[in-house]
Amino acid sequence: MEGNAVFEDILKPLSDKKAYRLVRLPSGMKVLLVHTPGSSTESGKEIGESNQEELKAAAALAVQVGSYSDPPDLEGCAHFLEHMIFMGSHKYPKENEYDSFVSSNGGVCNAYTEGEYTVYHFDVNHSALPHALDLFAHCIFSPLLRQEAVDREIKAIQNEFKLAVLDDDSRLQQVMSHQVRADHVLHKFSWGNEASLRQTPESRGVDAYVKLVEFYNQFYKGQASSMTLCVVSGRSLDEMEALTRSTFAEANFTAASPSALTSVSAPAPNTSSRLASIADWPAPETLAVPTSACSQLTRIVAIKNTHRLVLTWQIPSVLTEYRTKPAQYIGHILGHECPGSLLARLKSKQWASKLVAGIGGSNFEDNSYQALFTVDVELTDVGLVHWIDVVALVNATLEYLRRYKEGEQAGLPTWIFEEMQQLAQLTFDYMEEEEAEDIAERLAVQCLPLLQRQDRDLGDRHVPDVAVEEPYFHVKYWNKPISAALYAHWDERGRALAATEASLPPPNPYVPRDLSLLPPAESPADASPSAEPQTKRARLTAASSATSAVTATESLAVSVTQLAADGAALQRNNWLYHCADTRFDVPKVEVFVEVSLPADAELQLTQPLTQPSPSALVQQAVCADVLVAVAKDALTSSAWYMAELAGLDTDLTARPSSVVFSVRGFHEHALALLRTSLDALFALAPADSGDGDLLADDGRLERIVRNVVRKRYVDAQLTAQQVAQEMRLAALMVDDVASADRLAFLDDELLAAGGAKAMAAVRQALLAYRQRLRLAAEVHVMVHGHVGRDKATREVAALVQRFRHVASDRSDADAVATAAASKKKSAGRRGDDGASDGAAVSSPHVPEHLLARALRAPAVSLVHRYAQSALEENAALEVYFQFPSLMFTAPLIRRSRALQPSAVVAAGASDGGKPTRGGRATKKTGGPQAPTAAEVAQQLQDIDTQRREEEAAYFVVWMALQLLEQHWSEPFFDRLRSQLQLGYLVDCSIRETRQQLGMCLRVVSATHGATQLLTHVLEDFVRQQLSGGLFDSAAPTAATGAAPQKKKKSAAEDGAKEAAAPAAAAATTFAATKLVESLLARKQQPDVSIGDAAQRHWSLVEDRLLDWRPFASTAAAPSCGSSSDGAAAAAILSFQLRERQVAFLQSLLQLPERAASADAAKTAALLKAREQRLQRYLRYVAEWLLLGRATTAPDLADPQMVVLERVLTRNSGLSAEGVRLLVSIAEPKPSHAQRDADAGDEAASAAANDSVNADADSDGDDSDAADDADRAHQRAVQQQCQDLLRTFFAPFVASSAPSQPSTSQGGKRSGGAAKRRPQKAAEDELKFVTL
């Protein structure tokens, strides 16, 4: 491309409807413009006008310079500049203006630094693109590089580095870099940290800021020709070209350099070290690496409880070999997982659990200097002993390939290459659409010119056989040369084993040949599920003659079928949700299956109480984990790996009460793979089929239990971030079991006997768990994409029938006996009415462990645990505010097949828990009598009304929390992360946990302890929201929480302000209105792929939000294949949840009809009234969230707020008001973190330090002392947190009396909201619960 050339003839997938244009700007920058279809300009709308089906806009800039260009005296400089460059520009000097604008317009921004390039990217709502792009451009080409921000950003990089310290892959990469010769660019420390950016430069008299500016001037300023920009938008290509040419014109930046930059002399660009295109270099020469340079054995101390053997070959760069991909060919053979493969042989010997071969995707492994081809083997404990034999088997496979002949012709087989080529072409042709930001980021990097270096040899890396410590990660490792004798042994064994222990993979049976598509449906009702599918070419032709204005519902045909196996021992609710989605021209399907225990069956098969015992839940969780891990191992070898190569991705997830399986990709073999997988998992195949039970392999079972599941439990406790999140979930969900508890049960209960007895105990537990699932399974299946309804129904009905067969075949005597004994024990402990002695059971159909816990109020639940890695330096804090429970009624019927009278009595309690309409006392016991048919009908009607109100209130609160999340995320991040530098990971996010809504504030810090973090979260963020700062521009003071008093204005000033109000209102962007508009634009984004649409719909099914089963019906389930039009209609309404959100947000923005004809002053008044109404709505919800009660009165003129107020008022009679807070804390042990001051207990900390530093061979007294010190530290932290929280919430608890809603029409409450019960004084006291 020369000058301002434009290029549009770009190779793209068959299914890609986007338009592309490649432009070179006068500055030399290459710009790739991507037009996404369905834009507002195409439909005749003005730019910025709302559109229901419009993707976000995005941009990414790739700069062809990275950490390999770091100056030797400031390692990490490129990463440092990435952090500093967006701290304001000459045109936009506000430090946080770019981030704030992107966030407030529904977008995100980020950046990352690789060895040879750096990428900056963002996405925003469509209308915000011009200003966002201008902010972006000025930050890149005229940054302020504020010197006062240097210390803060170095701390940010240090915190980021601390999160990577415990990552074994990062540690391994740094050890390899450390072994490269010192003058090579790959030797550099690319991360950067406080030592490389501050301490080392200062010790050498180097000014880090001056070096930073020099780096910018050398590689960024005036270097647009080494940059590529990609812009993705719904605007036309002409509009985008004009926008980028004007925004990135060099004249915009020539006079914009601030004094801070011009004061530093900029050296001339170092052309000898600059990256050049391949045309500037001669053809590559054969790489000759001395044996002494690479023949090393390196032993590294790992963080995780895993053993890895990594064989690395340094080869010439393969960037220019993208057409033939020789390394991918060899990696395909070495890394194959089919029977007879290298991994299969290692597994059969119990030596390995996993193997990956090839060139990794990081720039460190694949760059213009060289490539690193690796064989990475995850060894078992036995395999670690036999690691030399593992290398021999790898060498045997390589020897087999060297000797291979196909007939008389020497050389590797061509059919493997042709199969890989065919699959790569299919993947490209039917590539699914991506989010705009992902498109921009990927293409910006791909547009960088291919590079090639001459200096590729990493040099002599010989290190004496002594312990060495890498200086930044402090990784201990040992190096020694590999002896000639060991090489000779590997060569000899490789030749000997090549004939018997190596083979090529077979042809792939999952390569798709049927690429047909379902015909487009004009409407869901007119969809023809049995119509003949069309070919790809025919479908494209048909689509071209149809109108382009097709809405989502016009191309989404939904059918719902209830499937019940005829004559089954247990009749269950088995449902097929079929979605014929013809919006996407790719022959793919997404299938999801959940096999779960229904509520009543789970009670019978665990124990009689509504809530299973903790030990039963732990056992169930461990069995689910092991069963899924064994199935994954077996199925990956037999089917899944080959299917994945052919574009069929599978996933299997374990939960204590269910197993979820999914398959995604080309539709031809998807349902067959589903059948194969579930047959193997649940042993559904007939006994004479020849398919063995995957639990019968003793070697596999022991390898999985000891080397996969157990080590996973150990690794989950290493970092504070993992532990804090796990503790929050375990505290909220009764059936969520922490890894520590799972590990304890596995060791103490299942593996305690050791040897064969232990495996026998594991197998018995697995068989019993699997049998429980098979006996009482409910099967929910969703088929979404290009598979006809008839075919899907046949396959799923056959699956249900196979469950019927195994349910009636009770060959597993142990499992059946266990279930029968549990049931008998249950009957013996229950009374006639089904209630257990001395236990209050709310409903026999909804055990508490299927729902999330409603936290006590007013109370704070505290959970504190230690991270188990000795190298962990981070503390993690999660502050979770739970909104008061709204769904008191709906859970009682959501999972029930028929509503029973006992459930009606329990559910009908609406006045403090007293039974209504049928709660008559019996003569003998005073308990409730069975209600009459009329009373049951009335109660059902009341419950249905309450359920609908609760679901409506839940929706209103859920939408408000989404708005609050968007409003809080950026200031929370900016204050705690950017300004205070508490840690690198700082976020605020909504949490929807099994029908309990909440907001979680999370901070992970390597520099602050738990109580310090909690103090900052409360004082620097929560206080502002509670003290009227939700939308106030003036922040409240930290001491009192009161906003500054405004100066009283004179009458003249008021008159002038009133006269200028219309113009001011027109120019003002209201905060709450802007939030709603931004969220509305985000919700109007269409699904970009079948995968996105299917995942969104499946989440509704999986979370049981789709409830179209008649809850009052007691009729038997219909037979296989029946369908209900009413159910389908309900399904479509439920699947249109996103459309409902859009309609709700639009209603919030709606102005009265008279606004269209109003003058400017009246329009301004209406806009102001709308803003006040929105702020009132969000304040009301925010106060209920943060305090558990509201001081802001709801707007009772709004029917939705009336319903919300009524539900909150009614439910306050069932649970106390007040703050519902869960504080989850994970810290390093005191001896690891040295947080004596934060713990507040010097004696305990000293004891902990003394005990941990003692000799490892000392007696148990030292260990006991360390444990005592750890517990003392925990108590100290918990007490400090309690004191802090009690002090913080005391003013709010004391002053927050229950709100009195406004009255109208003679003082009567509008909307019929019930009177809220008075709070007792004792309930106003903040309580603490230690978990």
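Counting restarts for each chain: residues are numbered from 1 in the order of the written sequence. In keeping with the model being predicted, local features are shown solely for residues with a pLDDT of at least 70 and side-chain atom pairs are shown and tallied solely at 80 or more, while totals for entire chains, interfaces and linings include all residues. No hydrogens and no water enter the side-chain calculation; it runs on all heavy atoms of the structure.

A. Spotlight on the overall build of the chain. Each helix is a run of DSSP H or I of at least 4 residues and each strand a run of E of at least 2, with the numbering of both proceeding from the N terminus. Looking only at helices and strands, the chain has 43 helices and 29 strands in total. Accessibility here uses a 1.4 Å probe with only protein chains present; expressed as a share of the type maximum, an area under 20% marks a residue as buried, one over 50% as exposed, and anything in between as partly exposed. Within the chain, the fraction of its 1331 residues that count as buried is 54%. Within the chain, contacts between residues separated by at least 24 positions form 80% of all contacts whose residues are at least 6 apart in sequence. Accessible surface area values rest on a Shrake-Rupley calculation with a 1.4 Å probe, where residue burial reflects the displayed protein chains alone. Total accessible area computed for the chain in this model is approximately 55,800 Å², and 52% of it derives from carbon and sulfur atoms. Residues count as neighbours in contact if any of their non-hydrogen atoms are within 4.5 Å of one another.

B. Region of interest: the packing of helix H30 (residues 933-979) against helix H37 (residues 1137-1149). Between N-to-C directions, angles span 0 to 180 degrees; the directions come from axes that are lines fitted to C-alpha atoms, helices contributing only their stretch in contact. Running from amino to carboxyl end, H30 crosses H37 at an angle of 75°, the nearest separation of the two axes being 11 Å. In terms of axis orientation, H30 runs roughly perpendicular to H37. In contact with Ala952, Phe955, Val956, Trp958, Met959, Gln962 and Leu963 of H30, H37 contributes Leu1137, Arg1140, Gln1141, Phe1144, Leu1145 and Leu1148. Three classes are used: nonpolar for Ala, Val, Leu, Ile, Met, Phe, Trp, Tyr, Cys and Pro, charged for Asp, Glu, Lys and Arg, and polar for all others, with Gly counted as polar. Considering only residue class, the contact of H30 with H37 consists of 10 nonpolar, 2 polar and 1 charged. Relative orientations are named as follows: roughly parallel for angles under 35 degrees, roughly antiparallel for angles over 145 degrees, roughly perpendicular for angles from 65 to 115 degrees, and oblique for any other angle.

C. Highlighting empty space enclosed by the protein. Whether a set of points on the 1 Å grid over the protein atoms alone is a cavity depends on a 1.4 Å probe fitting there but being unable to get out, while an open set qualifies as a pocket with protein on both sides within 12 Å along at least five of seven lines; lining residues are those with an atom within 4 Å of a point. Grid points are joined across faces, edges and corners, and a volume is the space filled by probe spheres set on the points. Inspection of every chain in the model, using the stated rule, returns 9 cavities of 30 Å³ or more. Taken together, Val956, Phe1144, Leu1148, Arg1173, Leu1174, Arg1176, Tyr1177, Asp1195, Asp1198, Gln1200 and Met1201 make up the full set of residues lining the second largest cavity. Those elements that provide at least two residues to the lining of the second largest cavity are H37, helix H38 (1160-1187) and helix H39 (1199-1211). Here the lining of the second largest cavity takes 4 residues from H38, the largest share from any one element. When grouped by side-chain class, the residues that make up the lining of the second largest cavity number 6 nonpolar, 1 polar and 4 charged.

D. Structural context of the sheet that holds strand E11 (residues 371-379). With antiparallel pairing, 3 strands are arranged side by side in an open sheet as E9-E11-E10. Edge strands, defined here as strands with exactly one partner in the open sheet, are strand E9 (307-315) and strand E10 (352-359). If you compare each strand with its neighbour and ignore which way they point, the axes differ by 10° on average. As defined by bridge partners, E9 adjoins E11 across 9 bridges and the pair is classed as antiparallel. When the sheet's bridge partners are listed, isoleucine 315 is paired in E11 with alanine 371. On the sheet, helix H14 (residues 387-403) packs against E9 and E11 and is oriented at approximately 40° with respect to E9. Against the sheet, helix H22 (residues 698-715) touches E9, E10 and E11, its axis set at about 65° to E10. Strand pairing requires that DSSP identify at least two bridges connecting the strands.

E. Layout of the sheet that holds strand E19 (residues 648-655). Overall, mixed pairing links the 6 strands, which are arranged E16-E17-E21-E18-E20-E19 in an open sheet. Strand pairing shows two members of the sheet lacking a second neighbour, strand E16 (556-563) and E19, which therefore form its edges. Pairwise comparison of adjacent strand axes, ignoring direction, gives a mean angle of 10° for this sheet. In the sheet, strand E17 (residues 574-581) pairs with strand E21 (residues 778-785) via 6 bridges, with the strands oriented parallel. The residue of E21 that forms the bridge with alanine 580 is glycine 785.

F. Local environment of unusual backbone geometry. Positive phi outside glycine occurs at leucine 145, with the angle close to 45°. Structurally, the position occupied by leucine 145 is in the loop between helix H3 (129-141) and helix H4 (150-164). At histidine 474, a position not held by glycine, the phi torsion is positive, near 55°. With respect to the helices and strands, the residue histidine 474 is situated in the loop between strand E14 (467-469) and strand E15 (476-481). In this structure histidine 474 comes out as partly exposed when scored by relative accessible area, which is 47%.

G. A look at the nonpolar core. To form a nonpolar core, buried Ala, Val, Leu, Ile, Met, Phe, Trp, Tyr and Cys residues must be joined to one another through side-chain atoms within 4.5 Å. Membership of the largest hydrophobic core comes to 95 residues, with the highest contact counts inside it found for Phe881, Trp968, Tyr1177, Leu1178 and Leu1285. Looking at which element gives the most residues to this core, the answer is H30, with 14 residues. Every residue in contact with leucine 1285, bar those within four places of it in the chain, is listed here: Val860, Leu862, Leu1014, Leu1018, Leu1221, Val1223, Leu1326 and Phe1328. With 76 residues, the next largest nonpolar core counts Val628, Val659, Leu684 and Tyr769 among its residues.

H. Expanded view of the packing of H38 against H39. One can describe the packing of H38 onto H39 by two numbers: an axis separation of 12 Å at closest approach and a directional angle of 15°. Between H38 and H39, the angle falls in the class roughly parallel. Regarding H38 and H39, the two cross each other, and that crossing is left-handed. Taken together, the residues of H39 that come into contact with H38 (itself represented by Tyr1177, Tyr1180 and Trp1184) are Met1201, Leu1204, Glu1205 and Leu1208. Left-handed describes a crossing whose near helix is turned anticlockwise from the far helix by less than a right angle; the clockwise case is right-handed.

I. Molecular detail of helix H35 (residues 1090-1102). One less than the number of residues in a helix, times 1.5 Å, gives the span that helix is expected to have. Between the first and last C-alpha of H35 there are 18 Å, a value that for 13 residues agrees with the 18 Å anticipated at 1.5 Å per step. Of all the residues in H35, the buried ones are Ile1090, Gly1091, Ala1093, Ala1094, His1097, Trp1098, Leu1100, Val1101 and Glu1102.

J. Quick look at the packing of aromatic side chains. For Phe, Tyr and Trp, where Trp contributes only its six-membered ring, two rings pair if their centres lie within 6.5 Å, and the inter-plane angle classes them as stacked under 30 degrees, edge-to-face over 60, or tilted in between. Taken as a whole and judged by the stated rule, the model has 30 aromatic pairs. Ring geometry for phenylalanine 161 versus phenylalanine 473: centroids 4.9 Å apart, planes at 70°, classification edge-to-face. In this pair, phenylalanine 161 sits in helix H4 while phenylalanine 473 sits in the loop between E14 and E15, placing the two residues 312 residues apart along the sequence. Phenylalanine 473 shares its class with phenylalanine 161; the two are buried. A ring pair is formed by tyrosine 430 and phenylalanine 666, whose centres lie 6.1 Å apart and whose planes are at 90°; its orientation type is edge-to-face. Of this pair, tyrosine 430 sits in the loop between helix H15 (414-429) and helix H16 (436-446) while phenylalanine 666 sits in strand E20 (residues 658-666); the two residues are 236 residues apart in sequence, bridging distant segments of the chain. Here tyrosine 430 matches phenylalanine 666 in class, with each residue buried. When the NZ atom of lysine or the CZ atom of arginine is within 6 Å of a ring's centre and also within 35 degrees of its normal, the charge is said to sit over that ring. Taking NZ or CZ as reference, lysine 349 lies 5.6 Å from the ring centre of tryptophan 351, over its face.

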